[in-house]
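Here is what each chain is made of, one letter per residue.
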Amino acid sequence: MRKIIDIHVHTFPEKIASHAIKTLQEKSGTVAFTNGTITALENSMAKSGVNHSVLLPVATKASQVTSINNYAIKLNLEHSEARGIISFGAIHPEFENFRGELERISKSGIVGIKIHPVYQGVNIDDERFVKILGCAGELGLITMIHAGWDIGFPGEGQALPEKILRALKNSGNFRVILAHMGGWKIWRESCELFRHTQVYIDTAFSLGRMTPSDNSDNRWNDQDLNLLSKDEFVRIIRDYGSERVIFGTDSPWSDQAQTIHEIESIPELSDLDKANIFFNNAAKLLHIA
């Protein structure tokens, strides 16, 4: 049986999960495939055969950073091996003592951070993010960056590919994973910019079609729902090399089992390609045997 790591998932605390999922469904006009809790994620992992899922918390305010990271540290200490769930940490560009916080979470055993320039309302090439990227690189932390457009914030360009590339060059940090195949809905441009760098990309929410919610108010036309076709998906993997592509779903916004099936059913990808994407690349970064 194939080992699988999902490098890109989200959950919410039990007391706010229902409200968070409802709000995000309304904002995006798409369907969530779980109720957003850790229990639901565990059930999804058992159904789909995912061995490890990596939680990517986002601090939308600087005041949230410490509590999010405290929770991540606790979860990793108590549950990472037993439940197969690992959490990255969070940082915000307005968090004053970012260096001290990154040092703290690194010493705790957290191996990476998630930054989301769109949700955080700051361009990725802003000096504050550049300093965070540089510090994370010095500490050996993986940095997962939301890349490209965001479904819930149409027209917001804080994470456009050229800005990301400028930030990485200015920070000297290429120990980075770019979410959504390098740049959501800007895939070809992103590939041209990053294919000759050392960055990894993940597959989250990039293959096939989006699933609109019943209350999407007809905001999506048929063409808008399209993500990457299988041919386009394979072409990007060929351009990067399967050694730099990591499986991710963006659960609960994609179904883990369905996404695995879609990739497994691509005949143009060799068994080694699939092993690299589903497990080998992430395992190397996360130090999982």
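(A) Representation of the packing of aromatic side chains in the model. This model, assessed by the stated rule, comprises three aromatic pairs. Between Tyr119 and Phe153 the ring centres are 5.3 Å apart and the planes differ by 55 degrees, which places this aromatic pair in the tilted class. Of this pair, Tyr119 sits in helix H5 (residues 117-120) while Phe153 sits in the loop between strand S6 (142-145) and helix H7 (161-171), and the two are 34 residues apart along the sequence. A relative accessible area of 31% places Tyr119 in the partly exposed class. With a centroid separation of 6.0 Å and 20 degrees between ring planes, the pair formed by Trp184 and Phe205 is classed as stacked. Of this pair, Trp184 sits in the loop between strand S7 (176-178) and helix H8 (187-194) while Phe205 sits in the loop between strand S8 (200-202) and helix H9 (230-240), placing them 21 residues apart in sequence. The residues Trp184 and Phe205 share a single accessibility class, namely buried.

(B) Up close: the nonpolar core. Of all hydrophobic cores here, the largest spans 73 residues; its most connected members are Ile91, Leu102, Ile113, Ile145, Leu178, Met181 and Phe233. Aside from chain neighbours lying at most four places away, what touches Ile145 is Ile115, Pro117, Ile124, Leu133, Ile164, Leu168, Val176, Ile177, Leu178 and Ala179. Judged by nonpolar contacts, the second largest core, of 18 residues, contains Leu56, Phe88, Ala179 and Tyr200.

(C) Structural context of the environment of Ile91. With respect to the helices and strands, the residue Ile91 is situated in the loop between strand S4 (89-90) and helix H4 (98-108). Judged by relative accessible area, Ile91 falls into the buried class, the value being 0%. For the pair Ile91 and Asn170, spaced 79 residues apart in the sequence, the C-alpha separation amounts to 19 Å. Those residues in contact with Ile91 that sit more than four places away from it in its chain are Ala59, Val65, Phe98, Glu101, Leu102, Ile113, Lys114, Ile115, Gln120 and Ile132.

Reading the values: rules and limits
Residues numbered from 1 in each chain as written. Predicted model: local features only at pLDDT ≥ 70, side-chain atom pairs only at ≥ 80, totals over all residues. Heavy atoms only, no water. Phe/Tyr/Trp six-rings, centres within 6.5 Å; stacked < 30°, edge-to-face > 60°. Helix = DSSP H or I, 4+ residues; strand = E, 2+ residues; numbered from the N terminus. Buried < 20%, exposed > 50% of the residue type's maximum accessible area, 1.4 Å probe, protein only. Core = buried A, V, L, I, M, F, W, Y, C linked by side-chain atoms within 4.5 Å. Contact = heavy atoms within 4.5 Å.

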